[in-house]
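# An overview of the molecular structure
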Amino acid sequence: MFSKETYIQRRKILTKKIGSGLILLMGNDESPMNYADNGYHFRQDSTFLYYFGVDFPALAAVIDVDNDRQIIFGNDYTIDDIVWMGPQPTITERASEGGIHQVLPTSELATMMHEALKQDREVHYLPPYRPENKLKLQHLLFLHPDHIAQKSSLKLIRAVVNQRELKSDEEIRDIEKAVDLSVEMHVGAMHLVRPGMTEAQVAARVYEIARAANCEISFPIIATINGQTLHNHYHGNVLKSGDLFLLDAGAESINHYAGDLSSTFPVDATFTAQQKVVYEMSLKAHQAAIGALVLNVPFRNVHLAACKSIATSMKELGLMKGNVDEAVAAGAHALFLPCGTGHMMGLDVHDMENLGEVWVGYDGEPKSTQFGLKSLRLAKPLKQGHVFTIEPGIYFIPELMDKWQSEGHLNDFFNWTEIQKFRNFGGIRNEEDYMMTENGPRRLGTKVKPKTVEEVEAIRKG
Ligand code: GLY
Ligand code: MN
């Protein structure tokens, strides 16, 4: 946790922005796996963490803007709970670490909300993403389940996004701890991989490095020889000579800030000639994206710089043809890069995605519907304090290739005979974490993840 002044100050800013009414923020509950006492690891809601710092299940908080009151609702452990779980700080003790001095039992929350509704006061809440919080909101605010998301407060969403998206120095320090640990996870995997191992063995080593530092991972590990599948969570394959291995994994700091890195490396000690060519193309796109990072310039330009680089390289390699700018405008590059070049990162690996990409990444502007561009999570101008990933990739997805070829989709830009030679290539992604400063972009982390062919092969040969 940060000092209580941090949370007090954050709430002060939020309260001022909302102006009147009540702000209701729900914490997360334990999440059962197969029966109530056998749970997934507990993860507090990030907005709750941001404003209160209290990392404990089954809490809710109210900021009564009109009456200058801030209350955390929760129940202390009973003796039965203590017998099984051990003694715990009281909710009052936990709340005071976040500068909150009023704590009430959970049952009082309904009373307060029903009273507020009777008085026709506005209750601002965020769209819930967990079913138990949907149920709670339904009962607390007498909402029909179908209307819960729609009646959430856009004013609160925008206020939270505007505040959480600008990272303070103490947040950056925490993110850098997560990034450094993520680098260790990647380097650990790069040292470990050998033909004959399973993807699961590599994923286990990556997880072990995070857990040994008493940290969790910021999202499920992607450790695969089928890197063409963007979010491939299957770990059942055996690695063989000639395969490319794609690792996308990040640690979460003890304060729950995310790191998010991707690496691609050969299962052998060196890349094949073909792998090296495509790997260099992906690095060129990565550098093009970094080169396009400019304060107050839209991240959409960064993405398009990567797209243009990939289309240019594909043309040089003979897989694409025609005018590169026209190809990118038509979305032809998306055959190889069907997703975005990056996303915001913070307490969530895709920061605040639960509040809506259109607010987090677009400031309310509509998103493109074009294949590829529609998956770009961040497009708005980059401000000082924004933290985001840079992760263009090159993917050969046989199902997508076959579909576009059979439909003749954007045929003028493709040499299908050449493209089909790569149908079993897989996918490549390198990912790093950046922030925007008043002087331009800064790569986050004090440790550097190997990236060039030479750096990667040096580790693989070691
Ligand atoms: N690292 C997973 C993702 O960015 O979607
Ligand atoms: Mn990412």
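These remarks concern the structure in this document. (Residues numbered from 1 in each chain as written. Chains lettered and ligands numbered in written order. Predicted model: local features only at pLDDT ≥ 70, side-chain atom pairs only at ≥ 80, totals over all residues. Heavy atoms only, no water.)

## Quick look at the site of ligand 1
As a matter of local geometry, ligand 1 sits amid Phe219, His231, Asp248, Asp260, His343, His350, Glu391 and Glu431. One nitrogen or oxygen atom from the side chain of His231 is found 2.7 Å from an oxygen atom belonging to ligand 1. Side-chain polar atom of Asp260 to a nitrogen atom of ligand 1: 2.8 Å apart, as the coordinates give it. For ligand 1, the accessible surface in isolation is 200 Å², of which the surrounding protein chains cover 94%. A breakdown of the residues in the shell around ligand 1 according to their chemical character gives 1 nonpolar, 3 polar and 4 charged. (Near = heavy atom within 4 Å. Polar contact = N/O pair within 3.5 Å; in protein donor to acceptor, adjacent residues only side chain to side chain. Areas by Shrake-Rupley, 256 points an atom, 1.4 Å probe, with all protein chains shown as cover. Nonpolar A, V, L, I, M, F, W, Y, C, P; charged D, E, K, R; others polar.)

## Some points on the packing of aromatic side chains
Evaluated as defined, the whole model comprises 16 aromatic pairs. Consider the rings of Phe2 and Tyr7, whose centres lie 6.4 Å apart with planes at 25°: the pair is stacked. Grouping residues by exposure puts Phe2 and Tyr7 together as buried. When the ring of Phe2 is compared with that of Tyr257, the centres are 6.1 Å apart and the planes differ by 45°; the resulting orientation is tilted. One end of the pair, Phe2, is in the segment before helix H1 (4-18); the other, Tyr257, is in the loop between strand E11 (251-252) and strand E12 (261-266), and 255 residues separate them in sequence. Each member of the pair, Phe2 as well as Tyr257, carries the same accessibility label: buried. Above the face of the Tyr50 ring, Arg10 is positioned so that its terminal group lies 3.9 Å from the ring centre. (Phe/Tyr/Trp six-rings, centres within 6.5 Å; stacked < 30°, edge-to-face > 60°. Buried < 20%, exposed > 50% of the residue type's maximum accessible area, 1.4 Å probe, protein only. Helix = DSSP H or I, 4+ residues; strand = E, 2+ residues; numbered from the N terminus. Lys NZ or Arg CZ within 6 Å of the ring centre and 35° of its normal.)

## Here we look at the environment of Tyr50
Topologically, Tyr50 is positioned in helix H2 (residues 46-52). Of the residues examined, Tyr50 reaches a relative accessible area of 5% and is grouped as buried. A C-alpha to C-alpha distance of 25 Å links Tyr50 and His139, two positions 89 residues apart in sequence. Sequence-distant contacts of Tyr50, defined by excluding residues within four places in its chain, comprise Tyr7, Arg10, Gln163, Arg164, Glu171, Tyr257 and Leu347. (Contact = heavy atoms within 4.5 Å.)

## A few points about unusual backbone geometry
Its identity as a non-glycine residue notwithstanding, Asp363 has a phi of 50°, on the positive side. You will see that Leu410, though not glycine, has its phi angle at about 50°, which is positive. With respect to the secondary-structure elements, Leu410 resides in the loop between helix H14 (398-407) and helix H15 (416-420). By relative accessible area, Leu410 is classed as partly exposed at 21%.

## Notes on the environment of Arg43
Relative to the helices and strands, Arg43 is located in the loop between strand E3 (38-39) and H2. For Arg43, a relative accessible area of 13% translates into the label buried. As for Arg43 and Asp29, which are separated by 14 residues in sequence, their C-alpha atoms are 8.3 Å apart. Not counting the four nearest positions on each side in its chain, Arg43 is found in contact with Asn28, Leu49, Arg130, Glu252, His256, Leu347 and Asp348. Side-chain polar atoms of Arg43 contact the side chain of Glu252, separated by 3.1 Å.

## What to know about the sheet that holds strand E10 (residues 244-249)
Pairing is antiparallel across the open sheet formed by 3 strands, whose spatial order is E9-E10-E12. Edge positions in the sheet fall to strand E9 (222-224) and E12, since each has one partner strand and no second. Between one strand axis and the next, the sheet turns by 10° as a mean value, whatever way the strands run. When E9 meets E10, the two strands line up antiparallel, connected through 3 bridges. Residue pairing in the sheet places Ala223 in a bridge with Leu247 of E10. Those strands touched by helix H9 (residues 199-212) are E9 and E10, and its axis lies near 35° from that of E10. (Pairing = 2+ DSSP bridges. Axes fitted to C-alpha atoms, helices over the stretch in contact; angles between N-to-C directions.)

## Overview of the layout of surface pockets
One number sums up the size of the largest pocket: a volume of about 640 Å³. Lining of the largest pocket is provided by 23 residues; of these, Arg43, Tyr129, Arg130, Ser218 and Asp348 occupy positions nearest its centre. For the lining of the largest pocket, the per-class residue count stands at 8 nonpolar, 8 polar and 7 charged. In this model, the second largest pocket occupies a volume close to 520 Å³. Glu30, Asp37, Tyr77, Asp81 and Met85 are, among the 19 residues lining the second largest pocket, the residues nearest its centre. Looking at the lining of the second largest pocket, the elements with two or more residues in it are E3 and helix H3 (79-85). With 4 residues, H3 is the largest single contributor of residues to the lining of the second largest pocket. Tallied by class, residues from the lining of the second largest pocket come to 10 nonpolar, 4 polar and 5 charged. (1 Å grid on protein atoms, 1.4 Å probe; cavity = no way out; pocket = protein on both sides within 12 Å on 5 of 7 lines; lining within 4 Å. Points joined across faces, edges and corners; volume = space filled by probe spheres on them.)

## Comments concerning the pattern of salt bridges
Counted according to the given criterion, the structure contains 28 salt bridges. For Arg121, the salt bridge is made with Asp66, and the minimal N-O distance between the two is 2.8 Å. Taken together, the residues span a long stretch of sequence, with Arg121 in the loop between helix H5 (107-118) and strand E7 (123-125) and Asp66 in the loop between strand E4 (60-64) and strand E5 (69-73) at a distance of 55 residues. Put simply, Asp351 and Arg164 hold a salt bridge, and the shortest N to O gap is 3.2 Å. On the criterion of sequence distance, the pair formed by Asp351 in the loop between helix H12 (324-330) and helix H13 (357-360) and Arg164 in helix H7 (residues 154-164) is long-range, its members being 187 residues apart. Take Asp351 and Arg164: they sit in the same class, and that class is buried. Look at the salt bridges and you will find they share partners, linking Arg164, Lys167, Asp348 and Asp351 into a network. (Salt bridge = Lys/Arg side-chain N within 4 Å of Asp/Glu carboxyl O.)

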